[in-house]
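Next come the chains, spelled out residue by residue.
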Amino acid sequence: MPVSDLSSRTILVTGATSGIGHQTARLLAEGGATVLVHGRTAEEAHAATDRLVTLADVDEARVCPLGADFTRLEEVEQLATRVLAKHPCLDVLVNNAGIAGPERHTVTSDGNEIAFQVNFLAHYLLTHLLEPALTGGTGGRVVNVSSSLHRTGSIQWNDPHRVRRYSRLAAYAQSQLALTVFAADPRVTAVSVHPGVCTTSLLPLYAHEGIAPAEGAAHVVRLCDPAVEIVNGAYYDRDCRVAPAPAASEERTVKRLARLADLLVGQNA
């Protein structure tokens, strides 16, 4: 899948230490982009960039490690501050970091159900904090790495943290639906993509077998290419644009989710 020359592009990839995120970072760096490689800790991010330089023969100057634990919204804010200080113009933000969530109901120190925070709220907060960098130049965009499982999800408006009734799969599906709905937020140009069922730590949620992470990453990288025109809120199943779940294109749902997310992350829209 050929990609345009990305040598003038600066791209932040969250969750870039393994799986689809790591392969996305590799392909982008090989295409000439400057890639900000996010990991849960600074150590993990450094190890990931070391692997890219050593094993993928990526130019060391093209990768920059950044650590932030998405189970702590304070660290998301600190990440945004560091990115804005060094990169006032950001071409693409790839919201990729994700977890399946534990079998038992788990709440972060911020008071949010862990999968809802890591998979959606942290990316919601990061995206809006980076909005000046994404909209400061021309053609800035956000690529949300979502999931076909968003179609099975429902947002529990009165109990988003699923305190009353928790299911690992339902919590994950809710977080992916929220991320997909968020792509239609008018504040930044964004799309969502289901990269296919890949052999990553999330595989048990989907199936017993999956494609190589690099194959899924190629679908993400394509949407980072400025030569690929995108429409705000569009949803892709691999390289095909398809209709998302009906809720993802409802203006009322988009606004309601923004109000909920602003409340949960302590932002004033």
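Below, the structure is looked at part by part. A quick note: this is a predicted structure, and the numbers were derived from the prediction, not measured.

### What to know about the pairing of strand β1 (residues 10-13)
Thinking step 1. Side-chain alternation along β1 places Thr10 and Leu12 on one buried face and Ile11 and Val13 on a second face that is also buried.
Thinking step 2. Bridging between β1 and strand β2 (residues 34-39) involves four bridges; their strand directions are parallel. Looking at β2, one finds that Ile11 is bridged to Val35.
Thinking step 3. Handedness of the crossover joining β1 and β2 through helix α1 (residues 19-30) is recorded here as right-handed.
Thinking step 4. Pairing between β1 and strand β4 (residues 92-95): three bridges, direction parallel. Across the sheet, the residue bridging to Val13 is Val94, located in β4.

### Let's talk about the packing of aromatic side chains
Thinking step 1. Per the counting criterion, the structure on display carries four aromatic pairs.
Thinking step 2. Here the aromatic rings of Phe116 and Phe120 are separated by 5.4 Å at their centres, their planes lie at 45°, and the arrangement is tilted. A residue pair is termed a helical-turn pair when its members lie 3 or 4 positions apart in one helix, as Phe116 and Phe120 do in helix α4 (residues 114-129) at four residues.
Thinking step 3. Under the relative-accessibility criterion, Phe120 is labelled buried at 1%.
Thinking step 4. Geometrically, the ring pair formed by Phe120 and Tyr124 is tilted, given 5.8 Å between the ring centres and 55° between the ring planes. Residue Phe120 and its partner Tyr124 are both found in helix α4; the two are separated by four residues, about one turn of the helix.
Thinking step 5. For Tyr124, a relative accessible area of 1% gives the class buried.
Thinking step 6. Aromatic ring contacts, followed pair by pair, group Phe116, Phe120, Tyr124 and Phe182 into a single cluster.

### Examining the pattern of salt bridges
Thinking step 1. What the rule picks out here adds up to nine salt bridges.
Thinking step 2. Between Arg168 and Glu103 there is a salt bridge, and its shortest N-O distance comes to 3.4 Å. With Arg168 in helix α6 (residues 168-182) and Glu103 in the loop between β4 and α4, this residue pair connects regions lying 65 residues apart in the sequence.
Thinking step 3. Classification of Glu103 as exposed rests on a relative accessible area of 59%.
Thinking step 4. Two residues, Asp185 and Arg187, come together in a salt bridge whose shortest N-O distance is 2.8 Å.
Thinking step 5. Exposure remark for Asp185: the relative accessible area of 4% places this residue in the buried category.
Thinking step 6. Arg187 sits in the partly exposed class, given a relative accessible area of 28%.
Thinking step 7. The network of salt bridges with shared partners includes Arg72, Glu74 and Glu75.

### Thoughts on the pairing of strand β3 (residues 63-67)
Thinking step 1. Note that β2 and β3 share five bridges and pair parallel. The partner of Leu36 across the bridge, within β3, is Cys64.
Thinking step 2. In this view, the connection linking β2 to its parallel neighbour β3 by way of helix α2 (residues 42-55) has right-handed handedness.

What counts and what doesn't
- Residues numbered from 1 in each chain as written.
- Predicted model: local features only at pLDDT ≥ 70, side-chain atom pairs only at ≥ 80, totals over all residues.
- Heavy atoms only, no water.
- Buried < 20%, exposed > 50% of the residue type's maximum accessible area, 1.4 Å probe, protein only.
- Helix = DSSP H or I, 4+ residues; strand = E, 2+ residues; numbered from the N terminus.
- Pairing = 2+ DSSP bridges.
- Right-handed = clockwise from strand over helix to strand, strands pointing away.
- Phe/Tyr/Trp six-rings, centres within 6.5 Å; stacked < 30°, edge-to-face > 60°.
- Salt bridge = Lys/Arg side-chain N within 4 Å of Asp/Glu carboxyl O.

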